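# What the coordinates show
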Amino acid sequence: MTILFDGIASGMLLFLISVGLSVTMGLMNFVNLAHGAFAMVGGYVCVTLLNQLGVPFLACLPLAAMVTALVGVLLERTLYRRLYGATHLDQVLFSISLVFMSMAGAQYFFGAQQQPLSLPDFLGGQIKLPGLDMGVYRLFLIGISLLIAIALQRMVRGTRFGAQLRASVDNPRAARGVGINVERIFTLTFALGSALAGLGGAMGVEMLGLDPGFPVKYIVYFLIVVAVGGSGSIAGSLVASLILGVVDVAGKYYVPQFGSFLIYAVMVVMLVFRPQGLFGRQAAR
């Protein structure tokens, strides 16, 4: 039960970071391999505020999300917007370049070492039940991720903004014709995806660690979540993250010699039977 709980916590963290990629990649049809760099920005903002300025941890989380969102808006308006109509290969090459630039910048300003982070006392410790030890911080992480998943699903499927976003992606010309500001919708969506990555990066420092290699180290996991869950699907990202988190933790505990083999095996099997992902929608071009 403890392994299952840790797997769920790991999966929820994976969801929190990767759902932003699902939003930009699925709903905006942009292949952004620099998504892990935005998560790294959130992590560095969090540890800087916490360790150097003494900002309380709970206040660091929204601040990390907001700073990352601002970085996302700046890059979207100056760089990303120019490539919305480009081929996926061009988008991949562009975003990969941003990854290596961000890694070099992080190493220059923060060094190559792992960044320390001390959780507040009320998030430390464990809750012990018969057959189950639950880390308080992991429980907190699961709760926050569930709330975000519910809010995102309602936003995309049940709000005017969600309808405008889907219309802007499916037929930008028609969307402009009915008065939708497509450019503003894309900017807000990219900011949302960046903010989620930043929040996930800040919350993941304790579990994943933080160093300049973060964007390369975990981007494959984020892409697997999007591929297995279905591009643009919030529910799919959640289910895929939970499956991968549990498989990853259980595999490392029971068969550590296989490493990440089980993760890739699960991905291959699922995509053989569901090439579009568990809850995938066909992205419009």
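Right, let's walk through the structure included here. Given the structure is predicted, the values throughout are model-derived calculations rather than measurements.

Another aspect to go through is the overall build of the protein chain. Helix and strand counts for the protein chain stand at eleven helices and two strands. N-terminal to C-terminal, the α/β element order of the protein chain is α-α-α-α-β-β-α-α-α-α-α-α-α. For the protein chain, the C-alpha radius of gyration of 19 Å lies close to 19 Å, the compact-globule estimate for 285 residues. Overall, the C-alpha framework of the protein chain stretches about 60 × 45 × 35 Å when taken along its three principal axes. Expressed as a percentage of contacts within the protein chain between residues at least 6 apart in sequence, the contacts between residues at least 24 apart total 77%.

Attention now moves to the pairing of strand S1 (residues 126-129). Examined bridge by bridge, S1 and strand S2 (residues 132-135) share four bridges and lie antiparallel to one another. Counted as the bridge partner of Gln-126 is Gly-135 from S2. Where S1 hands over to S2, the hairpin turn is made up of two residues, of which Gly-131 adopts a positive phi near 80°.

With that settled, the discussion passes to the environment of Ile-150. Locating Ile-150 in the fold gives a position in helix H5 (residues 136-158). For the pair formed by Ile-150 and Ala-235, sequence separation is 85 residues and the distance between their alpha carbons is 8.9 Å.

On to the side chain of Ser-241, then. Relative to the assigned elements, Ser-241 resides in helix H10 (residues 234-254). Residue classification places Ser-241 among the buried residues on the basis of a relative accessible area of 0%. Aside from chain neighbours lying at most four places away, what touches Ser-241 is Gly-11, Leu-14, Phe-15, Ser-18 and Val-225.

Attention now moves to the packing of helix H2 (residues 35-51) against helix H4 (residues 88-110). For the pair H2 and H4, the least separation of the axes is 11 Å and the interaxial angle reads 15°. With respect to each other, H2 and H4 are oriented roughly parallel. Judged by the sense of rotation from one axis to the other, the crossing of H2 with H4 is left-handed. Residues Ala-37, Met-40, Tyr-44 and Thr-48 of H2 touch H4, and the partners they reach there are Ser-102, Met-103, Ala-106 and Phe-110. Among the residues making up the contact of H2 with H4, the classes are represented as six nonpolar, two polar and no charged.

Counting 86 residues, the largest nonpolar core has Phe-57, Tyr-80, Phe-214 and Phe-222 as its most contacted members. Considering every element that reaches this core, the biggest residue donor is helix H8 (residues 182-208), with twelve residues. Leaving out residues up to four positions away in the same chain, Phe-57 has contacts with Cys-46, Leu-50, Leu-117, Leu-119, Pro-120, Leu-123 and Tyr-137.

Next up on the list: H10. Between its first and last C-alpha atoms H10 spans 30 Å; for 21 residues at 1.5 Å apiece the expected length is 30 Å, and the two agree. Every buried residue belonging to H10 is among Ile-234, Gly-236, Ser-237, Leu-238, Ala-240, Ser-241, Leu-244, Gly-245, Asp-248, Val-249 and Gly-251, and all of these are buried.

The next point concerns the pattern of salt bridges. Scanning all chains against the criterion turns up four salt bridges. Glu-76 is the partner of Arg-81 in a salt bridge, and the nearest nitrogen-oxygen pair spans 3.3 Å. Judged by relative accessible area, Arg-81 falls into the partly exposed class, the value being 31%. Taking the relative accessible area as the measure of exposure, Glu-76 reaches 0% and is therefore buried. Notably, a salt bridge pairs Glu-183 with Arg-176, separated by 2.6 Å at the nearest N-O pair. Accessibility expressed as a relative area gives 43% for Arg-176, which makes it partly exposed.

The residue Gln-91 is located in helix H4 in this model. By relative accessible area, which is 0% here, Gln-91 ends up buried. Excluding residues within four positions of it along the chain, Gln-91 makes contact with Asn-29, Phe-30, Val-31, Leu-83, Tyr-84 and Ala-86.

Reading the values: the criteria
- Residues numbered from 1 in each chain as written.
- Predicted model: local features only at pLDDT ≥ 70, side-chain atom pairs only at ≥ 80, totals over all residues.
- Heavy atoms only, no water.
- Helix = DSSP H or I, 4+ residues; strand = E, 2+ residues; numbered from the N terminus.
- Rg over C-alpha atoms; globule rule 2.2 N^0.38 Å.
- Contact = heavy atoms within 4.5 Å.
- Pairing = 2+ DSSP bridges.
- Buried < 20%, exposed > 50% of the residue type's maximum accessible area, 1.4 Å probe, protein only.
- Axes fitted to C-alpha atoms, helices over the stretch in contact; angles between N-to-C directions.
- Parallel < 35°, antiparallel > 145°, perpendicular 65-115°, else oblique.
- Left-handed = near helix turned anticlockwise from the far one by under 90°.
- Nonpolar A, V, L, I, M, F, W, Y, C, P; charged D, E, K, R; others polar.
- Core = buried A, V, L, I, M, F, W, Y, C linked by side-chain atoms within 4.5 Å.
- Expected span 1.5 Å × (residues − 1).
- Salt bridge = Lys/Arg side-chain N within 4 Å of Asp/Glu carboxyl O.

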